[in-house]
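In case you want the letters, here they are:
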Amino acid sequence: MSGEMDKPLISHRLVDSDGSLAEAPSEAPKVGILGSGDFARSLATRLVGSGFNVVVGSRNPKRTAGLFPSAAQVTFQAEAVSSPEVIFVAVFREHYPSLCSLSDHLAGKILVDVSNPTEQEHLRHRQSNAEYLASLFPTCTVVKAFNVISAWTLQAGPRDGNRQVLICSDQPEAKRAVSEMAHAMGFMPVDMGSLASAREVEAIPLRLLPGWKVPTLLALGLFVCFYAYNFIRDVLQPYVQEGKNKFYKLPVSVVNTTLPCVAYVLLSLVYLPGMLAAVLQLRRGTKYRRFPDWLDHWLQHRKQIGLLSFFCATLHALYSFCLPLRRSHRYDLVNMTIKQVLGNKSHLWVEEEVWRMEIYLSLGVLALGTLSLLAVTSLPSIANSLNWREFSFVQSTLGFVALVLSTLHTLTYGWTRAFEEKHYKFFLPPTFTLTLLVPCVIILAKGLLLLPCFSRRLARIRRGWERDGAVKFTLPSGHALAEKTSHV
């Protein structure tokens, strides 16, 4: 497929001096399109640019001819389907019966169904659009394809969109013909099997980030909980007990205190299910028993949870840069300067606080940088360029390093604050002490699993060894050993 991605949308040999499309060569493969909507126009443009001779069938060709490239022939439906062997059906499901008058012209030809149902239609009809089309035209071969490709991708080319074209049909020859067309158009065909899988293929465009629903709700729940907790400690407590109005902290300060807590907890939740899975395998002595459903779903959502952790950490860094820009911060600096002058203090320097902030910021930058590397390698284009060992090293080893750096970052922030009574407002501990619970347990569990007594046993289990996988052989009577056990 060399050079496919560099193929222009409109071929240079098809461009006139005035910029309009010239007539396609007569020897070019002829393709028919039924329909004159947005997708049909984009499909015709892409086919013409890929060197195909396109014939468009419309109920009103005079009105729609100006919407298509000049190289595409726009005519009535019966004329459009008479000569091409491959015909794209770009009309909605409810208009399929109107094509029954073309049954004689369509006999023995390949119909490519590109339609997508609405969510209500998908739930109402038990039969896919492609299967319904096949039932209306039993003498035709129906292929489901190009329904996951948007009109914009067809116009702009596969470089600006998804390259995969999912194809399914009951006839291998028809799938091969459509696959060759997809290759010629610069796309990557993917065989999805028989036409029975068309319902699953049609459901793909209806999904709205299915793998992100639970992680997003988890992140929002954590944010609300930590935000409410920080509001009680940093805003409500000074107002109730000291009469200080600090509600100005709500937009920036409280949010900036909440974001690292959410990012830290989410990052720890990425590696907690792996620890639980290892403990289960050690306890069971086998890897062939399924994990509980909740743990299995948790393991499958680790990528999304990790990316949300990186998102919150990035926002925390941006909010931290904005802190000195606040008007309240400038007033605090002026007040501190006045107090220093009135107190006759010419030099204010706390060595411990200086070192704490230097180490705290350095560890935070290192943790964010490591998280950035994890986020980048989770992209399909980058992950596909890595072998399994490299990908595992980045996501597992470097990911755990990011968790350790985040823990050190949090501990440095706390320093001795966790032991000072003034930081327990309304008798509530500082927020960072709550976030340390789960990560510290994970780090401790990871250290235990690295011990030879556990790591070697876990490695054997993951290579297929079973504790209870003993096969018993019964020897003939009279033998010195009536029974012998052999571990397989």
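- In the nomenclature of an unreviewed UniProt entry, the chain corresponds to Metalloreductase STEAP3 isoform b from the organism Daubentonia madagascariensis.
- According to UniProt, the comment filed for the chain under the heading Sequence similarities (unreviewed entry) is "Belongs to the STEAP family."
- As its UniProt record puts it under Subcellular location (unreviewed entry), the chain is described as follows: "Endosome membrane".

Some points on the pattern of salt bridges
Turning to step 1, where the next piece is worked out: This structure, assessed with the given rule, holds eight salt bridges.
Turning to step 2, where the next piece is worked out: As a salt-bridge pair, Lys144 and Glu202 come within 2.9 Å of each other at their nearest N and O atoms. Of the two residues, Lys144 is situated in strand E6 (residues 141-144) and Glu202 in helix H9 (residues 198-203); the sequence distance between them amounts to 58 residues. With respect to class, Lys144 is no different from Glu202; both count as buried.
Turning to step 3, where the next piece is worked out: The shortest N-O distance in the salt bridge between Lys175 and Asp191 comes to 3.0 Å. Here Lys175, found in helix H8 (residues 172-184), pairs with Asp191, found in strand E8 (residues 188-191); they are 16 residues apart in sequence, far enough to count as distant.

With respect to the pairing of strand E5 (residues 110-113)
Turning to step 1, where the next piece is worked out: Side chains of E5 alternate between two faces, with Ile110 and Val112 and Leu111 and Asp113 buried alike.
Turning to step 2, where the next piece is worked out: Here four bridges tie strand E4 (residues 86-89) to E5, and the two strands are oriented parallel to one another. Within E5, the residue paired with Val86 across the bridge is Ile110.
Turning to step 3, where the next piece is worked out: Here E5 pairs with E6 via four bridges, running parallel. Bridging across to E6, Leu111 finds its partner in Val142.

A look at the UniProt feature "transmembrane region" (unreviewed entry) in the chain
Turning to step 1, where the next piece is worked out: Using the residue numbers shown here, the UniProt feature "transmembrane region" (unreviewed entry) corresponds to residues 214-232, 252-280, 305-326, 359-379, 391-412 and 432-454.
Turning to step 2, where the next piece is worked out: In the segment residues 214-232, helix accounts for 100% and strand for 0%; the C-alpha atoms at its two ends are 27 Å apart.
Turning to step 3, where the next piece is worked out: Across residues 252-280 one finds 97% helix and 0% strand; the C-alpha atoms that close the span lie 43 Å apart.

Considerations on helix H11 (residues 253-284)
Turning to step 1, where the next piece is worked out: With 32 residues, H11 should cover 46 Å at 1.5 Å per step; its first-to-last C-alpha distance of 48 Å lies within 8% of that length.
Turning to step 2, where the next piece is worked out: Residue Val270 marks the point of greatest curvature in H11, where the axis turns by about 25°; the proline Pro273 follows within four residues.
Turning to step 3, where the next piece is worked out: The buried fraction of H11 is high, at 26 of 32 residues.
Turning to step 4, where the next piece is worked out: Trailing H11 by a residue or two, Gly285 shows a phi angle of about 75°, which is positive.

Details of the side chain of Ser169
Turning to step 1, where the next piece is worked out: When you line up the elements, Ser169 lands in strand E7 (residues 164-169).
Turning to step 2, where the next piece is worked out: A distance of 3.0 Å separates a polar atom in the side chain of Ser169 from the backbone oxygen of Val142.
Turning to step 3, where the next piece is worked out: If sequence neighbours within four positions are ignored, Ser169 has contacts with Thr141, Val142, Val143, Ala174, Lys175, Gly193, Ser194 and Leu195.

Things to note about the pairing of strand E2 (residues 53-57)
Turning to step 1, where the next piece is worked out: By the criterion of burial, E2 is predominantly enclosed, with five of the five residues buried.
Turning to step 2, where the next piece is worked out: Burial along E2 is two-sided: the residues Asn53, Val55 and Gly57 and Val54 and Val56 are all buried.
Turning to step 3, where the next piece is worked out: Two strands pair when backbone bridges link them, and strand E1 (residues 30-34) and E2 are joined in this way by five bridges, in the parallel orientation. If you follow Ile33 over to E2, its bridge partner there is Val56.
Turning to step 4, where the next piece is worked out: In this view, the connection linking E1 to its parallel neighbour E2 by way of helix H1 (residues 38-49) has right-handed handedness.
Turning to step 5, where the next piece is worked out: Direction of pairing for E2 relative to strand E3 (residues 73-75): parallel, over a ladder of three bridges. The residue of E3 that forms the bridge with Gly57 is Thr75.

Points about the side chain of Gln237
Turning to step 1, where the next piece is worked out: When you line up the elements, Gln237 lands in helix H10 (residues 213-242).
Turning to step 2, where the next piece is worked out: Leave out the neighbours within four places in its chain, and Gln237 touches Ile232, Glu242, Lys425 and Phe426.

Focus: helix H6 (residues 129-136)
Turning to step 1, where the next piece is worked out: Of all the residues in H6, the buried ones are Asn129, Ala130 and Leu133. Along the axis of H6, the buried residues cluster in a sector spanning 100°; they form a single face.
Turning to step 2, where the next piece is worked out: Tucked inside the fold, the buried residues of H6 contact E4, E5, E6 and H9.

So, the sheet that holds E5
Turning to step 1, where the next piece is worked out: Spatial strand order, E3-E2-E1-E4-E5-E6-E7-E8: eight strands in an open sheet with mixed pairing. The sheet terminates laterally at E3 and E8, the two strands that pair on one side only. If you compare each strand with its neighbour and ignore which way they point, the axes differ by 25° on average.
Turning to step 2, where the next piece is worked out: Against the sheet, H1 makes contact with E1, E2 and E4, and its axis sits at roughly 170° relative to E1, the strand it touches most.
Turning to step 3, where the next piece is worked out: Packing of H8 onto the sheet brings it into contact with E1, E4, E5, E6, E7 and E8, and relative to E7 it is tilted by some 165°.

Here's the deal with the confidence of the model for the chain
Turning to step 1, where the next piece is worked out: Chain-level pLDDT for the chain is 87 on average; 89% of the residues reach the 70-or-more range.
Turning to step 2, where the next piece is worked out: Confidence over residues 1-25 falls short of pLDDT 50; this stretch has 57 contacts with residues more than four positions distant or in other chains.
Turning to step 3, where the next piece is worked out: Scored below 50 in pLDDT, residues 478-488 shows 19 contacts in the model against residues more than four places distant or in partner chains.

About the criteria used
- Residues numbered from 1 in each chain as written.
- Predicted model: local features only at pLDDT ≥ 70, side-chain atom pairs only at ≥ 80, totals over all residues.
- Heavy atoms only, no water.
- UniProt positions renumbered as here; feature names shortened; annotations may be inferred.
- Salt bridge = Lys/Arg side-chain N within 4 Å of Asp/Glu carboxyl O.
- Helix = DSSP H or I, 4+ residues; strand = E, 2+ residues; numbered from the N terminus.
- Buried < 20%, exposed > 50% of the residue type's maximum accessible area, 1.4 Å probe, protein only.
- Pairing = 2+ DSSP bridges.
- Expected span 1.5 Å × (residues − 1).
- Bend = angle between axes of the 7 residues up to and from the residue.
- Polar contact = N/O pair within 3.5 Å; in protein donor to acceptor, adjacent residues only side chain to side chain.
- Contact = heavy atoms within 4.5 Å.
- Right-handed = clockwise from strand over helix to strand, strands pointing away.
- Arc of directions from axis to C-beta.
- Axes fitted to C-alpha atoms, helices over the stretch in contact; angles between N-to-C directions.
- pLDDT = per-residue confidence, 0-100.

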